[in-house]
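Structure at a glance
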Amino acid sequence: QNARAEGTGLALFDPGEYAQWRANRDLIADLQHAIGTDELDMHYQPIVELETGRIVAAEALLRWTRADGTPISPARFIPLAEQSGDITVLGEWVLGRVCTDLAGLWNEHRLPVTVNVSAHQLRGTGFAGRLLDLLADTHLPGEALIVEITETVLLTTVTDAATTVSQLQQLREHGIRIAIDDFGTGYSSLAYLRELPVDILKMDGSFTSRQLEDGSPREIAFVRTIVELGRSLELCTLAEAVETEAQAQRLRDLGCHLAQGYHFARPAPVARLHETLTAQRSRAAGPAT
Ligand code: C2E
Ligand code: MG
Ligand code: MG
Ligand code: MG
């Protein structure tokens with residue numbers, strides 16, 4: 001097939017593109033095999049309240065490490081899984097795993113977890129029902145879960161939008177909160193915020209810039225506007241990719257509620273989060289007598 005394509009000499013054939021296409025196809029095939037094996041794992045990154053530094057939630061982030069130890073970034077394989085349709089099966093695996101981990105986090109620490117859900121997953125009508133069943137099976141209340149909608153492609157048809165909105169409403173009726181991820185970039189636009197029932201506005205990491213830290217009036221204006229928008233709509237605002245205390249301070253001054261980033265903690269296995277939360281609880285309880 002390859003040889004035949006290479007022999008045609010068609011002007012439209014681009015060897016570089018073809019190599020990329022093959023690499024992507026192979027990666028997807030490997031990912032299909034990785035689902036259900038210990039190559040896939042969930043890590044958790046604490047989300048803190050900027051005013052107090054207290055951990056109030058954690059984001060579940062998918063990790064894929066090949067058998068030979070090579071990590072593959074979700075930024076690479078999630079978009080491919082969305083294109084191929086494998087995101088549905090992958091997303092179901094993620095939700096199952098998150099609910100299992102969440103049972104311990106919620107029962108011991110009352111910590112909610114926020115999980116990334118691709119807009120593709122919400123196009124199928126069964127999503128909300130399956131998620132609610134899963135919560136019921138693990139005896140978790142809706143308050144324990146936040147659904148973070150990540151968008152890499154536009155909601156194309158009116159039907160898509162209607163299905164998505166009604167499923168999100170169904171989740172909210174059960175106490176599940178909805179966050180809009182990467183707000184301010186790509187398709188996570190104002191129109192999107194207007195269409196969907198949302199509780200948390202998650203500002204894209206690019207707004208937490210070095211220039212913001214340095215006090216650039218322009219960068220401050222963007223963050224202030226997003227925080228102000230959140231306030232007007234009575235949404236909780238969350239900043240991601242916070243890497244320094246100077247950035248945290250700016251965000252605090254601008255009235256942003258929550259933050260996550262390497263400055264506070266890196267994503268890590270669930271056991272690490274348990275340790276951190278236990279330490280936080282004993283600090284809050286004060287020195288032992
Ligand atoms: P996201 O949801 O916006 O996640 C935030 C990303 O920022 C994560 O990258 C996280 O590791 C990274 N990050 C955290 N703190 C910092 C920081 O201080 N500085 C910088 N530069 N980055 C920081 P990660 O884990 O590589 O995930 C990339 C994207 O892949 C996610 O972006 C999300 O869109 C997608 N993704 C990850 N897990 C899942 C999943 O289970 N399901 C779906 N559908 N998508 C997922
Ligand atoms: Mg996210
Ligand atoms: Mg994000
Ligand atoms: Mg992001």
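Rules used in this analysis
Residues numbered from 1 in each chain as written. Chains lettered and ligands numbered in written order. Predicted model: local features only at pLDDT ≥ 70, side-chain atom pairs only at ≥ 80, totals over all residues. Heavy atoms only, no water. Helix = DSSP H or I, 4+ residues; strand = E, 2+ residues; numbered from the N terminus. Rg over C-alpha atoms; globule rule 2.2 N^0.38 Å. Buried < 20%, exposed > 50% of the residue type's maximum accessible area, 1.4 Å probe, protein only. Areas by Shrake-Rupley, 256 points an atom, 1.4 Å probe, with all protein chains shown as cover. Salt bridge = Lys/Arg side-chain N within 4 Å of Asp/Glu carboxyl O. Near = heavy atom within 4 Å. Polar contact = N/O pair within 3.5 Å; in protein donor to acceptor, adjacent residues only side chain to side chain. Nonpolar A, V, L, I, M, F, W, Y, C, P; charged D, E, K, R; others polar. Donors = N, O, S within 2.8 Å, 3.2 Å for Na, K, Ca; no water.

A closer look at the overall build of the chain
Within the chain one finds eleven helices and nine strands. Computed over C-alpha atoms, the radius of gyration of the chain comes to 21 Å, within 12% of the 19 Å expected from 2.2 N^0.38 for 289 residues, which places it in the range of a compact globule. Expressed along its principal axes, the backbone C-alpha trace of the chain runs to roughly 80 × 45 × 40 Å. Per-residue burial for the chain yields a buried fraction of 45% across its 289 residues. When the accessible surface of the chain is totalled, it reaches about 14700 Å², and 54% of it is carbon and sulfur.

Some remarks on the pattern of salt bridges
This structure, assessed with the given rule, holds eleven salt bridges. Arg 97 is the partner of Asp 41 in a salt bridge, and the nearest nitrogen-oxygen pair spans 2.9 Å. Here Asp 41 is found in strand 1 (residues 40-49), whereas its partner Arg 97 is found in helix 4 (residues 87-109), with 56 residues between them in sequence. Looking at Arg 97, the relative accessible area reads 25%, which means it is partly exposed. Between Asp 101 and Arg 97 there is a salt bridge, and its shortest N-O distance comes to 3.6 Å.

Some points on the site of ligand 1
The immediate surroundings of ligand 1 are formed by 21 residues, with Arg 63, Asn 116, Asp 181, Glu 243 and Tyr 262 found nearest. For ligand 1, an oxygen atom lies 3.0 Å from a polar atom in the side chain of Asn 116. Residue Tyr 262 places a main-chain N or O atom 2.8 Å away from an oxygen atom belonging to ligand 1. With the chains in place, 82% of the 800 Å² that ligand 1 exposes on its own is no longer accessible. Looking at the shell around ligand 1, the elements that each hand over two or more residues are strand 2 (55-65), helix 3 (74-84), strand 4 (113-118), strand 5 (145-150) and strand 6 (177-183). Residue contributions to the shell around ligand 1 peak at four residues, all from strand 2. In terms of residue class, the shell around ligand 1 is built from nine nonpolar, five polar and seven charged.

Examining the coordination of the magnesium ion (ligand 2)
At 1.8 to 2.4 Å from the magnesium ion (ligand 2) lie its protein donor atoms, namely Glu 59 (OE), Asn 116 (OD1), Glu 148 (OE) and Asp 181 (OD). In primary-sequence terms, the residues that donate to the magnesium ion (ligand 2) follow E-x56-N-x31-E-x32-D. Between the two metals, the magnesium ion (ligand 2) and the magnesium ion (ligand 3), the spacing is 3.8 Å, and Asp 181 donates to both. In this pair, Glu 59 is assigned in strand 2 and Glu 148 in strand 5, connecting sequence segments 89 residues apart. On the accessibility criterion, Glu 59 (4% relative accessible area) is buried.

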